[in-house]
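Read off the chains here:
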Amino acid sequence: MRKINSLFYIIGIVCIVIAGYILIDKFIEDNDIKINFNEDEEIILLNNKLNEVGSPLGWIIIVDAINNQDRNGNYIIGFDKDFLEDYKYRQLFIMEYILSIKNDYDNFIVLDMDGNMIQEAPTSDFTLAYLEYNEYNNYYKSIFGDDYDINRGMEGNTKYDNTHVYFDNRRAGTNGVYVSMMQATSVEYKNGVYIGEVLVTYSTRASELVGASLDAAIIKYTKDIDDNIILKSFILKDR
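Residues numbered from 1 in each chain as written. Predicted model: local features only at pLDDT ≥ 70, side-chain atom pairs only at ≥ 80, totals over all residues. Heavy atoms only, no water.

Digging into the packing of aromatic side chains
Inclusion rule: Under the pairing criterion, centres of Phe, Tyr and Trp rings, with the six-membered ring standing for Trp, must be within 6.5 Å; the plane angle then separates stacked pairs below 30 degrees from edge-to-face pairs above 60, leaving the rest tilted. Secondary structure elements follow DSSP: runs of H or I no shorter than four residues count as helices, runs of E no shorter than two count as strands, and numbering proceeds from the N terminus. Throughout, exposure labels follow a simple rule: accessible area from a 1.4 Å probe, protein chains only, divided by the maximum for the residue type, with under 20% read as buried, over 50% as exposed, and the rest as partly exposed.
Taken as a whole and assessed by the stated rule, the structure comprises 18 aromatic pairs. Centre to centre, the rings of Tyr87 and Tyr140 are 6.2 Å apart; their planes meet at 50°, and the pair counts as tilted. Of this pair, Tyr87 sits in helix α3 (residues 87-101) while Tyr140 sits in helix α4 (residues 133-144); the two residues are 53 residues apart in sequence, bridging distant segments of the chain. Of the two residues, Tyr87 and Tyr140, both sit in the buried class. Plain terms: the ring middles of Phe93 and Phe144 are 6.0 Å apart, the flat faces sit at 80° to each other, and that makes the pair edge-to-face.

If you want it as C-alpha cells, here you go:
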C-alpha cells in the first residue's frame, strides 16, 4: 500500500511539474502575442533612436580603433566584441551623446592642465572637463535603464572625480574621422530582446583608416514601461 501511495505521489509531482512548464510556455507565448511585433514599425523606431544616438555610439568604434591602431597608423576595428561591456566606453558614449544635444555647457566644469577652472568649452583641446553626476546619470539611465556607477568609470585624477563624471576628450587630431550614419536594416524579437542589424557608414577619412566604407553591426535592446529603447549590447560583425 505504501509503495502504491508513493507511486501516486511521484506521478502527482510529475504532473504538477509538466503543468507548470505548459503554463510558463503559454505565458511566454501570450507575452509575445501581446507585444504584437511588427518588423517594419520596429525598424522605423530603431532608426529614430539611431538618428539620436548613432553618432556618439559610432564614436566608440573610432576610439577603440585608435586604441588598437597598427604601426602604420591604420585603425584596427574591434570585431565581435561588445563595446557596451566596457564601462569606460559606456561613459564616453553617454558624454558624447550629451554633448551632441546640449546647446550650452553651463553645467560642465572645465579645467586647464594645471587643474585651474577656466571658461572654455568641454571639447576644447588641452583641458579636463566634468559634468555633475546627477545630470549625467539622467542621460545614462535613459539609455541603459540603470544608474551610472561612478566608481567604475574613468577618472581625470582631480578633486571632482568623486562628485562629477569625467569627459575623456579623444577628439584631438581626429578631424574628419567619424561614423557618418547608422541605419537599421532588419529587426527581430526573440526571448524578450530586440535584435537589430545595423549598417555602419564611415566618413571618407575614416574609411581610409579602417579599410572599408561600411560595416555591419548587431544591436540588442529591450524596452521600458514607456516603450523607450534600452540598449544592451553593440557588436560589429566581422567582414
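Digging into α4
Defined as follows: One less than the residue count of a helix, multiplied by 1.5 Å, gives the span that helix is expected to have. Two residues qualify as a contact provided that any one of their heavy atoms is within 4.5 Å of a heavy atom in the partner residue. Whenever two N or O atoms come within 3.5 Å, that pair is a polar contact, provided that in protein one can donate a hydrogen and the other can accept it, and provided that, for residues adjacent in sequence, both atoms are side-chain atoms.
Between its terminal C-alpha atoms α4 stretches 16 Å, which fits the 16 Å expected from twelve residues at 1.5 Å a residue. When α4 is considered as a whole, its buried residues turn out to be Tyr133, Glu135, Tyr136, Asn137, Tyr140, Ile143 and Phe144. Taken together, the buried residues of α4 touch α2 (39-67), α3, β2 (128-132), β3 (164-167) and β7 (229-236). Capping the start of α4 is the job of one residue whose side-chain oxygen sits 3.1 Å from the backbone nitrogen of Asn134: Glu132. Remark: Gly145 follows α4 within two positions and exhibits a positive phi of approximately 85°.

Points about the packing of α2 against α3
Packed helices, taken two at a time, are described by their axes: the angle between them and the distance between them. What counts here: Each axis is a line fitted through C-alpha atoms, taken for helices only over the stretch in contact, and angles between the N-to-C directions span 0 to 180 degrees. Between 65 and 115 degrees an angle is taken as roughly perpendicular, under 35 as roughly parallel, over 145 as roughly antiparallel, and anywhere else as oblique. Left-handed describes a crossing in which the near helix is turned anticlockwise from the far one by less than a right angle; the clockwise case is right-handed. Any residue that is not Ala, Val, Leu, Ile, Met, Phe, Trp, Tyr, Cys, Pro, Asp, Glu, Lys or Arg is counted as polar, Gly included; the first ten are nonpolar and the last four charged.
Between α2 and α3, the least distance of the axes is 9 Å, while the angle of their chain directions is 135°. Judged by the inter-axis angle, α2 sits oblique to α3. Two packed elements cross with a definite hand, and for α2 against α3 that hand is right-handed. In this structure, α2 contributes Glu52, Val53, Pro56, Leu57, Trp59, Ile60, Val63, Asp64 and Asn67 to the contact, and α3 contributes Tyr89, Leu92, Phe93, Glu96, Tyr97 and Ser100. Grouping the amino acids of the contact of α2 with α3 by side-chain chemistry returns ten nonpolar, two polar and three charged.

Overview of the pattern of salt bridges
Under the convention used in this document: Just to be clear on terms, a salt bridge is a Lys or Arg side-chain nitrogen sitting within 4 Å of an Asp or Glu carboxyl oxygen.
Taken as a whole and judged by the stated rule, the model has ten salt bridges. Residue Glu52 pairs with Lys49 through a salt bridge whose shortest N-O separation is 3.9 Å. Taken together, the residues Glu52 and Lys49, both in helix α2 and three residues apart, mark about one turn of the helix. Accessibility expressed as a relative area gives 34% for Glu52, which makes it partly exposed. Residue classification places Lys49 among the buried positions, given a relative accessible area of 16%. Across the salt bridge formed by Arg239 and Asp215, the nearest N and O atoms sit 2.8 Å from each other. Of the two residues, Arg239 sits in the segment after β7 while Asp215 sits in strand β6 (residues 214-223), which places them 24 residues apart along the sequence. Taken together, the shared-partner salt bridges connect Glu42, Lys223 and Asp227 into one network.

Topic: a negative patch on the surface
Convention followed: Like charges within 9 Å and nonpolar side chains (Val, Leu, Ile, Met, Phe, Trp, Tyr) within 5 Å are joined into patches, using only residues over 30% in relative accessible area that form no salt bridge. Computed by Shrake-Rupley with a 1.4 Å probe, the accessible areas treat only the displayed protein chains as cover when residues are assessed. Residues scored as positive are Lys and Arg, those scored as negative are Asp and Glu, and His as well as the terminal groups of each chain are ignored. By convention, the point assigned to a charge is CZ for Arg, NZ for Lys, CD for Glu and CG for Asp.
Negative charge collects at one region of the surface, where Glu39, Asp40, Glu41 and Glu188 lie side by side. With three residues, α2 is the single largest residue contributor to the negative patch. Secondary-structure assignment places Glu41 in helix α2. Overall, the relative accessible area of 52% leaves Glu41 in the exposed class.

Observations concerning the sheet that holds β3
Here is the rule: For two strands to be treated as a pair, DSSP must find no fewer than two bridges joining them.
Taken in spatial order, the three strands of this open sheet run β1-β2-β3, and their pairing is antiparallel. A strand with exactly one partner marks an edge of an open sheet, and here the two such strands are β1 (108-111) and β3. Within the sheet, the average angular offset between the axes of one strand and its neighbour, ignoring direction, is 25°. When β1 meets β2, the two strands line up antiparallel, connected through four bridges. Opposite Phe108, over in β2, you have Leu131 as the bridge partner. This element, α3, spans β1, β2 and β3 of the sheet and lies at about 90° to β3. α4 rests against β2 and β3 of the sheet, and its axis sits at about 75° to β2.

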